Amino acid sequence: MKNKNSKVATNNHVDSLLKVFICHRLPERTFKIGKWYFPVCSRCTGIYISMFSYYFFVYFVYVQYNPIIITIAFLMIIPVLLDGLTQFFGFRESNNALRFTTGLIAGLGLGILFKAMKWILFS
Ligand SMILES: [Zn+2]
């Protein structure tokens, strides 16, 4: 049974909260192993993997943030915006590999930006 509009989660209330705050979790845009879907879509999988990998990295390595690093971090978010927005407005259809790849890049950029904000505000 395959329904493109069905959600991965079974609880409607939890599903609505997750959809609004975490991820849409559309089955056709979510990786799965066998019959088990990942908890978030392919784009969010990439974002979370690279963002938390970056946090793990900076736990051991001191990074002194500067305007060049912050600019590069902003630029790293552009691919995911282009991929998501062109798909949203119907210009093209993305695929899970591209969503995951642009998510990896954007997650690293977001990780750098969040850490840079913390570094600027609290150091
Ligand atoms: Zn997602």
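Residues numbered from 1 in each chain as written. Predicted model: local features only at pLDDT ≥ 70, side-chain atom pairs only at ≥ 80, totals over all residues.

A.B. asks: Would you take a moment to explain the overall build of the protein chain for this structure?
C.D. replies: Each helix and strand in the protein chain was counted, giving five helices and two strands. Traced from its N-terminal end to its C-terminal end, the protein chain shows the element sequence α-β-β-α-α-α-α. Viewed in the frame of its principal axes, the protein chain has a C-alpha envelope of about 55 × 30 × 25 Å. Within the protein chain, the fraction of its 123 residues that count as buried is 24%. For the protein chain, restricting intrachain contacts to residue pairs at least 6 apart in sequence, the fraction spanning at least 24 positions comes to 60%. (Helix = DSSP H or I, 4+ residues; strand = E, 2+ residues; numbered from the N terminus. Buried ≥ 20, exposed ≤ 12 C-beta atoms within 10 Å, placed from the backbone. Contact = placed C-beta atoms within 7 Å.)

A.B. asks: Help me understand the packing of helix 3 (residues 67-75) against helix 5 (residues 96-122), please; the structure alone is not making it clear to me.
C.D. replies: Packed helix pairs are characterised by how far apart their axes lie and by the angle those axes make with each other. Interaxial distance between helix 3 and helix 5 falls to 8 Å at its minimum, and their mutual angle equals 140°. By the angle class used here, helix 3 and helix 5 are oblique. Taken as a pair, helix 3 and helix 5 cross one another with a handedness that is left-handed. Counted together, Ile69, Ile70, Ala73 and Phe74 of helix 3 and Gly109, Ile112, Leu113 and Ala116 of helix 5 form the full contact between these two elements. Here the residues of the contact of helix 3 with helix 5 sort into seven nonpolar, one polar and no charged. (Axes fitted to C-alpha atoms, helices over the stretch in contact; angles between N-to-C directions. Parallel < 35°, antiparallel > 145°, perpendicular 65-115°, else oblique. Left-handed = near helix turned anticlockwise from the far one by under 90°. Nonpolar A, V, L, I, M, F, W, Y, C, P; charged D, E, K, R; others polar.)

A.B. asks: Would you explain helix 2 (residues 42-60) in this entry?
C.D. replies: Counting along an α-helix, one turn takes 3.6 residues, and residues three or four places apart therefore face a common direction. Between its first and last C-alpha, helix 2 extends 28 Å over 19 residues, near the 27 Å set by a 1.5 Å rise per residue. Listed in full, the buried residues belonging to helix 2 are Ser42, Arg43, Cys44, Thr45, Gly46, Ile47, Tyr48, Ser50, Met51 and Tyr54. Buried residues along helix 2 sit against helix 4 (78-88) and helix 5. (Expected span 1.5 Å × (residues − 1).)

A.B. asks: Quick question: what am I supposed to make of the nonpolar core here?
C.D. replies: Across soluble globular proteins, nonpolar side chains show a tendency to be buried alongside one another. With 16 residues, the main nonpolar core has Val40, Cys44, Ile47, Tyr48, Met51, Ala106 and Leu108 as its most contacted residues. Where this core is concerned, the elements lending two or more residues are helix 2 and helix 5. Not counting residues within four places of it along the chain, the set of residues in contact with Met51 comprises Gly107, Leu110 and Gly111. (Core = buried A, V, L, I, M, F, W, Y, C linked by C-beta atoms within 7 Å.)

A.B. asks: So what exactly am I meant to see when it comes to the UniProt feature "transmembrane region" (unreviewed entry) in the protein chain here?
C.D. replies: Annotation from UniProt places "transmembrane region" (unreviewed entry) at residues 68-91 and 103-122. Strand forms 0% of residues 68-91 and helix 79%; the C-alpha atoms that close the span are 32 Å apart. (UniProt positions renumbered as here; feature names shortened; annotations may be inferred.)

A.B. asks: How do you make sense of unusual backbone geometry when you look at a structure like this?
C.D. replies: For residues other than glycine, phi is negative in most cases, and the peptide bonds are mostly trans. Phi is positive for Arg25, close to 60°, though the residue is something other than glycine. Tracing the backbone shows Arg25 in the loop between helix 1 (12-21) and strand 1 (32-33). Exposure remark for Arg25: the 19 C-beta atoms within 10 Å place this residue in the partly exposed category.

A.B. asks: Teacher, can you tell me more about the domain arrangement of the protein chain here?
C.D. replies: One frequently used descriptor of interface size is the decrease in accessible area upon assembly of the parts. Annotation of the protein chain at the domain level lists domain 1 (1-39) and domain 2 (41-122). Taking only C-alpha atoms into account, the centre of domain 1 sits 22 Å from that of domain 2. Tallied by class, the residues present in the side of domain 1 that touches domain 2 amount to four nonpolar, two polar and two charged. (Domains from an automatic or database assignment.)

A.B. asks: Quick question: what am I supposed to make of the packing of helix 2 against helix 5 here?
C.D. replies: At a minimum axis separation of 6 Å, helix 2 and helix 5 run at an interaxial angle of 35°. Relative to helix 5, the crossing made by helix 2 is right-handed. Here the residues of the contact of helix 2 with helix 5 sort into 14 nonpolar, ten polar and three charged.

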